[in-house]
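Residue-level structure breakdown
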Amino acid sequence: MNDIFEPKLKWNSSDDDLVDDFFKHAMKNCSEFQLVSDFSFILKLIPELMHFINQDVKIQLIINLESSSIQKDISQLDLLKSEKFLSDFLLELIKTNSFELESLKILGQILTMEIEGESQLKIKIAIPKRISKKSHLNIGVFHYENGEQISISGETDESNSDKSIENFTAYTSWGLENDYNVINQSKFSNLWDNNSRNLIVYDFPDPTKMFLANLNSDSITEPKTISENSKKDDISIPTVTEFQFFDHQKDAIKSWISNDMCGLFEMATGTGKTITA
């Protein structure tokens, strides 16, 4: 047990640095990592997820879209079963929030990695079946080579408009609370298989996956946030090292984004359709 983190029972983001004090240690030496949380918190774990690159660590993430601001957006639309809508919604979420481009690029890089012919990182999306003011769910399971586990269950409290509070309880398979590890694993598996009473779980849309994977390009040099690069009212094109976009390419990209990222590029042969795409 010397190589596995020994966590305390209760954790709260008001008192603890959850990433440095808990996740950094719990994720070390993992053989499999499973987590349900919101997108912002998952991106905070990117430095730790980087350690899984080129390692045989299987990763399953469920991005929980229960936060109140997102619920307000989706409550007016009854299109959640449409993959196109979900993909467009996620792309808009990525592009209108201040997520660091470098973090998104690393996430895209991990999406391209494989273990024994399967994706190392698998992502699903959880959306509430009904609007609720309750705190949203966080579950994590950390598996280790020796068969031991650490699991967490908790919630994000958004009642404070200034700052959301993450809190969870940590359990170990070698402690007195092992039964909770079984419960948390069951909760995660049920969510992954879309067997939840309160959430609908979808596969991560291929267009969004491709968007993130394509961000992992050496030609992108400026570590700007997505929101800086993709505001609809002020769309800018990332600086590249090997070429500069022509005006007609910039116009095409702006028109495509303004048209909800739908449409075809009609250009003459040799004028840069592939580069623009």
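Residues numbered from 1 in each chain as written. Predicted model: local features only at pLDDT ≥ 70, side-chain atom pairs only at ≥ 80, totals over all residues. Heavy atoms only, no water.

**Focus: the packing of helix H6 (residues 101-111) against helix H8 (residues 206-215)**
Look at H6 against H8: their axes get within 7 Å of each other, and the N-to-C directions meet at 110 degrees. The angle between H6 and H8 places the two elements in the roughly perpendicular class. H8 is crossed by H6, and the crossing has left-handed handedness. On H8, the residues touching Leu101, Leu104, Lys105, Leu107, Gly108 and Leu111 of H6 are Lys209, Leu212, Ala213 and Leu215. In terms of residue class, the contact of H6 with H8 is built from seven nonpolar, one polar and two charged. (Axes fitted to C-alpha atoms, helices over the stretch in contact; angles between N-to-C directions. Helix = DSSP H or I, 4+ residues; strand = E, 2+ residues; numbered from the N terminus. Parallel < 35°, antiparallel > 145°, perpendicular 65-115°, else oblique. Left-handed = near helix turned anticlockwise from the far one by under 90°. Contact = heavy atoms within 4.5 Å. Nonpolar A, V, L, I, M, F, W, Y, C, P; charged D, E, K, R; others polar.)

**Here's the deal with H6**
When you tally the buried positions in H6, you get nine out of eleven residues, the bulk of the element. Taken as a whole, H6 has its buried residues at Leu101, Ser103, Leu104, Lys105, Ile106, Leu107, Gly108, Ile110 and Leu111. (Buried < 20%, exposed > 50% of the residue type's maximum accessible area, 1.4 Å probe, protein only.)

**Focus: the environment of Ser119**
Relative to the assigned elements, Ser119 resides in strand S5 (residues 118-119). It is 8.9 Å that separates the C-alpha atoms of Ser119 and Ile59, two residues lying 60 residues apart in sequence. Non-local contacts of Ser119, meaning those with residues more than four positions away in its chain, are made with Met113 and Glu114.

**Focus on the sheet that holds strand S10 (residues 199-203)**
Reading across from one edge, S1-S9-S8-S7-S2-S3-S6-S10 is the order of the eight strands in this open sheet, with mixed pairing throughout. Either end of the sheet is taken by a strand with one partner, and the two such strands are strand S1 (10-12) and S10. If you compare each strand with its neighbour and ignore which way they point, the axes differ by 15 degrees on average. Strand direction decides the pairing type here: S1 and strand S9 (residues 165-172), joined by three bridges, are antiparallel. (Pairing = 2+ DSSP bridges.)

**Topic: the side chain of Ser151**
Along the polypeptide, Ser151 turns up in strand S8 (residues 149-157). Among the polar contacts made by the side chain of Ser151, one reaches the side chain of Asn181 at a distance of 2.7 Å. Those residues within four positions of Ser151 in sequence are excluded, and the remaining contacts are Gly140, Val141, Thr169, Ala170, Tyr171, Tyr180, Asn181 and Asn184. (Polar contact = N/O pair within 3.5 Å; in protein donor to acceptor, adjacent residues only side chain to side chain.)

**Describing the pairing of strand S3 (residues 58-64)**
Most of S3 sits out of view: six of its seven residues are buried. Here six bridges tie strand S2 (residues 30-37) to S3, and the two strands are oriented parallel to one another. The residue bridging Glu32 from the neighbouring strand is Lys58, located in S3. Both S3 and strand S6 (residues 121-128) contribute to a ladder of six bridges, which runs parallel. Residue pairing in the sheet places Ile63 in a bridge with Ile125 of S6.

**A look at unusual backbone geometry**
A positive phi angle is found at Asn29, which is not glycine, with a value near 70 degrees. Considering the arrangement of structural elements, one finds Asn29 in the loop between helix H1 (18-26) and S2. Exposure remark for Asn29: the relative accessible area of 45% places this residue in the partly exposed category. Non-glycine residue Glu116 carries a positive phi angle of around 50 degrees. Here Glu116 shows up in the loop between strand S4 (114-115) and S5. The class of Glu116 is exposed, set by a relative accessible area of 79%.

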